[in-house]
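Listed below are the residues making up each chain.
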Amino acid sequence: EIWNIKIPPKIGTFVWRLFMNALPTAENISRRNIVVPKSNGVCPFSGLVEESRDHVLLWCKEVWEIWLKCYSWLELSFVFSGYVQKHFCQHELT
């Protein structure tokens, strides 16, 4: 379904990687047995927890403030679901 939306290919690829949890986060890199130094494995925004897809895009307080401003600017309302796919698929894109 992602590939049927009229968006630039780079955005489509990012969204596909996001949904497949294939972004190069510290969590995913360490899962592939690549050593990530502890100082580089934490969220770059909060510096508190391991960098993961869900934390960086949904749970990080600093990033959450950005999402609130974006939704307000776009005049969109949303229901926070706590799951990446549900959160980003709640709006119909054409």
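Anything mentioned here points back to the structure above.
Residues numbered from 1 in each chain as written. Predicted model: local features only at pLDDT ≥ 70, side-chain atom pairs only at ≥ 80, totals over all residues. Heavy atoms only, no water.

Peer 1: Go over the packing of aromatic side chains, please, and point to the residues and values.
Peer 2: Counted according to the given criterion, the structure contains one aromatic pair. Ring geometry for Trp-67 against Tyr-71: centres 6.2 Å apart, planes inclined by 45 degrees, an arrangement best described as tilted. Here Trp-67 pairs with Tyr-71, and both are found in helix α4 (residues 61-73), just four residues apart, close to one helical turn. (Phe/Tyr/Trp six-rings, centres within 6.5 Å; stacked < 30°, edge-to-face > 60°. Helix = DSSP H or I, 4+ residues; strand = E, 2+ residues; numbered from the N terminus.)

Peer 1: Give a detailed account of the side chain of His-55, specifying residues and quantitative values.
Peer 2: Relative to the elements of secondary structure, His-55 occurs in helix α3 (residues 53-59). The exposure class of His-55 is buried, given its relative accessible area of 12%. Those residues in contact with His-55, other than ones at most four positions away along the chain, are Cys-43, Ser-46, Val-49, Glu-50 and Cys-60. (Buried < 20%, exposed > 50% of the residue type's maximum accessible area, 1.4 Å probe, protein only. Contact = heavy atoms within 4.5 Å.)

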